[in-house]
Structures are given as structure tokens and as C-alpha cells.
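Examining the three-dimensional arrangement
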Amino acid sequence: MMHFCASILMIAAASASPTTMPAVGVEGRIELALPGTLLQAKPVTDKAPLLLRVASTQPSARRDDLWYDLRYMGLVPGTHDLKDYLVRADGSPIGELPSIPVAVVGLLPQDHKGELVGASGARWPFFGGYRVAIGVVAVLWCAVLFPLIFIGRKKRIKTDAPPPARATFADRLRPLIDQAVRGTLSTEEKGKLERMLLWYWQQRLDLTADSPADAIAALRRHEKAGELLRALEEWLHRRPGTATATDVNALLAPYRDVPDPGEVRAPAALAAGGVA
């Protein structure tokens with residue numbers, strides 16, 4: 001009996017000593033004599049907070065006791081009773097088996113918050129971390145954007161595209177004159193050219209009351225109006241290609257400042273004559 005009490009006292013002393021408290025996941029060992037028939041570890045369950053195995057047994061000094069070498073591994077820090085993890089090998093009740101308390105210490109302090117590496121507190125918490133990066137990017141973005149908006153407006157020069165050149169009466173006459181020079185002007189196109197000239201000079205010389213035939217005859221006699229008509233008749237009766245570009249440009253010179261009749265919208269009667 002004295003030997004059994006001494007064993008229990010040895011267990012209590014070992015449990016209270018920090019050097020005998022294994023950490024979570026580290027195997028601990030305790031040897032002691034326990035009364036009764038052979039004990040063995042209970043089957044392991046998934047939720048067991050501690051794992052126990054009987055490393056060895058041998059006879060004790062007392063005939064009714066056995067000396068056990070118990071190995072345990074705590075999965076949850078705290079105090080555990082190895083008695084709760086033992087059963088009789090013959091199935092009999094464990095009876096008045098004394099408590100076998102052991103302590104398992106945790107690897108982390110109780111106030112640990114899960115950090116893997118301790119982080120020192122920021123000197124100015126509100127301006128730390130990503131807030132500083134966002135502030136720097138915003139300042140740089142504004143520094144680039146504002147000059148583009150305000151300085152760029154001052155330097156911007158509004159340029160209007162030049163208006164397209166307006167077509168003139170000479171531009172309308174030029175294709176027909178070129179055909180006459182080449183000798184490819186048809187009778188219909190010759191009549192069209194004569195009607196265009198007639199329309200123009202009728203407005204200039206007030207010949208609207210004359211018949212077309214009389215007006216054409218009057219134009220041939222006119223110094224400026226008849227110049228192009230007489231040249232046209234000459235080109236039609238001589239070998240094609242004898243006229244030069246200088247001759248054509250000189251004859252069209254009086255019509256270069258005159259708007260295209262198609263743009264001034266000549267009357268419908270004149271348009272039918274090929275003007276519009």
C-alpha cells in the first residue's frame with residue numbers, strides 16, 4: 001500500500017513539474033504501478049483529445065500490481081486523466097483505479113491571434129499599408145492630369161479646314177473644250193457648249209429677247225464673247241491636237257471668276273440647254 005501511494009505521489013509531482021509537461025504533439029512518458037488485472041489502451045477515436053499506448057508491462061513488487069510504461073501524446077493542451085483511456089484486457093471493470101493526471105502544454109500562448117510572424121505596430125496606423133500607396137498613386141495621377149487639361153487648353157489652336165474651292169464656269173466648260181481640241185466633240189456636245197455660252201452671255205449682254213440663232217450670231221461678232229466660239233469652230237475644222245494648253249487657258253480666263261451655273265441654279269429652261 002505504501003508503494004502504491006508513493007507511485008501516485010510521483011505522478012502528481014511529475015505532472016506539476018514544467019520539465020515533464022510535453023507540448024501538443026510531443027510524446028510524454030509515465031511509469032507507475034496499478035492494481036488489478038492487465039490494462040490496455042482504449043481504441044483510438046477521431047475526436048480523442050489524447051492518444052495513449054501501453055509501451056510495456058512487468059510484475060511489480062506487490063503481487064496484485066503491475067508496473068506500466070505508459071506513452072501518451074496530447075492533441076489538445078490542458079490536463080488529461082490517463083485513467084479515462086484505459087480498459088481491462090479481460091473486459092472486467094477497471095474498479096477503484098486511481099486517477100492518472102497529466103498536463104499537456106500548448107505550442108502557442110493563450111492570447112495568440114494566429115500570426116505566423118509577429119508584426120510590429122505601425123507608427124501611424126491610419127496612414128499605413130495600402131492607404132499610403134493609394135494616396136501616392138492619386139497624387140501622381142492628378143499631377144499628370146491637371147497640366148494636360150489646363151495647360152493643353154491654352155496651347156490649343158483652333159484651326160478650321162480651308163473651305164473647298166468653288167467650281168467655276170471655266171471648270172464646267174473645260175471638259176468640252178478639251179474634247180474639241182482633241183477632235184472628239186460630238187454634235188450634241190457642241191450644241192451643249194454653245195447653249196452654255198449663250199446662257200452666260202445673254203445675262204451679261206442683255207440678249208434675252210433675241211432668238212437663239214440671232215443671239216449666237218451676235219456673240220460671234222462680239223470681241224470677248226465670240227472669242228471662244230470662233231476658236232471652237234476653228235478647232236472643229238482643222239486637224240485635232242493643234243491647239244496648245246496655253247491657248248485653251250487664255251480662252252477660259254474670262255470664265256474663271258464666274259461661279260458654276262450649276263451652283264447658282266440657273267432657270268429650268270436654261271438647265272435643259274445643258275447649263276445645270
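Further up the page is the structure itself.
Residues numbered from 1 in each chain as written. Predicted model: local features only at pLDDT ≥ 70, side-chain atom pairs only at ≥ 80, totals over all residues. Heavy atoms only, no water.

Turning to the pattern of salt bridges, a few remarks are in order. Oppositely charged side chains may form a pair once their charged atoms are brought near each other. Tallied over the entire structure, the rule returns eight salt bridges. A salt bridge links arginine 71 to aspartate 69; the nearest nitrogen and oxygen atoms lie 2.9 Å apart. Taking relative accessible area as the criterion, arginine 71 reaches 19% and is therefore assigned buried. Arginine 174 is the partner of aspartate 178 in a salt bridge, and the nearest nitrogen-oxygen pair spans 3.0 Å. Pair noted here: aspartate 178 and arginine 174 are both in helix H3 (residues 169–182), with a separation of four residues, about one helical turn. Exposure remark for aspartate 178: the relative accessible area of 23% places this residue in the partly exposed category. Owing to a relative accessible area of 26%, arginine 174 belongs among the partly exposed residues under this scheme. What you see here is one network of salt bridges that share partners, running through Glu27, Arg29, Glu31, Arg53, Asp69 and Arg71. (Salt bridge = Lys/Arg side-chain N within 4 Å of Asp/Glu carboxyl O. Buried < 20%, exposed > 50% of the residue type's maximum accessible area, 1.4 Å probe, protein only. Helix = DSSP H or I, 4+ residues; strand = E, 2+ residues; numbered from the N terminus.)

What follows concerns the environment of leucine 107. Examined against the element boundaries, leucine 107 turns out to sit in the loop between strand S7 (101–104) and helix H2 (130–155). For the pair leucine 107 and glycine 25, spaced 82 residues apart in the sequence, the C-alpha separation amounts to 9.1 Å. Other than its neighbours up to four places away in sequence, leucine 107 contacts Ala23 and Val24. (Contact = heavy atoms within 4.5 Å.)

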